[in-house]
Amino acid sequence: MRSLLLAASQNRWLRDHATHYSFVRGTVSRFMPGETLDDALGAAEALRSKKIGTVFTHLGENIKDRAEAQQVAEHYLEVLERIGARGLQAEISVKLTQLGLDLSPDLCFDYLKNIIGRAEKNSIVWIDMEASNYVDVTLDLYRRALQAYPNVGVCLQAYLHRTHDDLAKLLPLRPSIRLVKGAYNEPPEIAFPRKQDVDENYFALGKEMLRAKKQNRCGRAAFGTHDVALIKRLSEFASAEGFRKADFEVQMLYGIQRAEQERLANEGCTSMVLVAYGSYWYPWFVRRLAERPANLWFMVRNVFAA
């Protein structure tokens, strides 16, 4: 099922047609509050009332038009301005291919550094990780950015065999890391095919991040997962290592494991929610279904409710 969903996420015909079906749009509304920035800001206000922070991401990827990439960069500058105006506990997460990476790494870096430079110094601009063929160039640009701006973080994917080495190479730079499982269709020579192996690698990488944070070799150690059992294992490890609750950070997607998000916040942990918005939601949404195929049944129920 996961493989079928990941293949569907890359299907152009489905992308052009599925978005017009009401049952699909109804399901998407569970995972994103709306398509506009105002929708996302409203969700962030509601989350703030529950002591939960927000990470905004404007959906889109693989932009190959320079003017469009510039529009995305300008949009993120507007997001930062509006975050500041509202005094939100909020950050942003960007995809480099949305900032013109496919056109030119140097062009992409110019847009990226302008965004980081406008962000609050006590917040992080997160760089999303995309498919495996983008890992090297993404990490190269992250290292360049980190040399000039300490308030930039990068996402690493636990399902990739290479991630253990990537983390080891980054730690001397005192990075901020958001660890996720991974949501792209990768061959077994590149990524662990079995969920159990991904989970164990995630736990091993998470422990390494927490040890590094304790030694001041990692700025932020954030865990992007909805796996409650895995969160519990990492939380118990952090507690045994003497971490304060506030230093244990979990980032989840809007609309998933809401009770767990609130439980973490109420216990004093750093609970963040990634709020996605924008019209280019189809591939992102189907990858979310692939991460947890049980969500597919939620969409099926919407079919019969329509």
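Residues numbered from 1 in each chain as written. Predicted model: local features only at pLDDT ≥ 70, side-chain atom pairs only at ≥ 80, totals over all residues. Heavy atoms only, no water.

Caption draft 1: Spotlight on the pattern of salt bridges. In this structure the tally under the stated criterion is 29 salt bridges. Between Glu208 and Arg211 there is a salt bridge, with its nearest N and O atoms 3.7 Å apart. In this pair, Glu208 and Arg211 are both assigned in helix 9 (residues 195–214), 3 residues apart and thus about one turn of the helix distant. Its relative accessible area of 29% is what places Glu208 among the partly exposed residues. (Salt bridge = Lys/Arg side-chain N within 4 Å of Asp/Glu carboxyl O. Helix = DSSP H or I, 4+ residues; strand = E, 2+ residues; numbered from the N terminus. Buried < 20%, exposed > 50% of the residue type's maximum accessible area, 1.4 Å probe, protein only.)

Caption draft 2: How the structure looks around the sheet that holds strand 3 (residues 125–127). Sheet architecture is closed into a barrel: 8 strands sit in the order 1-2-3-4-5-6-7-8, paired in parallel fashion. For this sheet, the mean inter-axis angle between neighbouring strands, taken without regard to orientation, is 25°. In the packing of helix 8 (residues 163–170) onto the sheet, the strands contacted are strand 4 (152–157) and strand 5 (176–180), and the crossing angle to strand 4 comes to about 160°. Relative to the sheet, helix 9 contacts strand 5 and strand 6 (221–224), its axis offset from that of strand 6 by approximately 160°. (Pairing = 2+ DSSP bridges. Axes fitted to C-alpha atoms, helices over the stretch in contact; angles between N-to-C directions. Contact = heavy atoms within 4.5 Å.)

Caption draft 3: Inspection of the nonpolar core at higher detail. If you look at the biggest cluster of nonpolar residues, it comprises 84 residues, and the most contacted ones within it are Phe56, Ile92, Leu99, Leu112 and Ile115. At 8 residues, the largest contribution of residues to this core is made by helix 5 (residues 66–86). Aside from chain neighbours lying at most four places away, what touches Ile92 is Val55, Phe56, Tyr76, Val79, Leu80, Ile83, Ile115, Ile124, Val125 and Trp126. Membership of the second largest hydrophobic core comes to 13 residues, among which are Met32, Val55, Trp126 and Ala222. (Core = buried A, V, L, I, M, F, W, Y, C linked by side-chain atoms within 4.5 Å.)

Caption draft 4: Representation of the pairing of strand 1 (residues 53–58). Across the 6 residues that make up strand 1, a large majority, 5, are buried. Examined bridge by bridge, strand 1 and strand 8 (residues 270–277) share 6 bridges and lie parallel to one another. Considered in strand 8, the bridge of Phe56 is made with Val275. Direction of pairing for strand 1 relative to strand 2 (residues 90–94): parallel, over a ladder of 3 bridges. By the bridge assignment for strand 2, Thr54 is matched with Ala90. Of the crossover connections in this fold, the one passing from strand 1 over helix 5 to the parallel strand 2 is right-handed. (Right-handed = clockwise from strand over helix to strand, strands pointing away.)

Caption draft 5: Inspection of unusual backbone geometry at higher detail. The backbone of Arg174 shows a phi angle near 55°, a positive value even though the residue is not glycine. For Arg174, the location among the structural elements is in the loop between helix 8 and strand 5. On the basis of relative accessibility, which here comes to 41%, the residue Arg174 falls in the partly exposed class. Here the phi dihedral of Gln257 falls at roughly 50°; this positive angle occurs in a residue that is not glycine. Turning to its location among the elements, Gln257 is positioned in the loop between strand 7 (249–253) and helix 11 (258–266).

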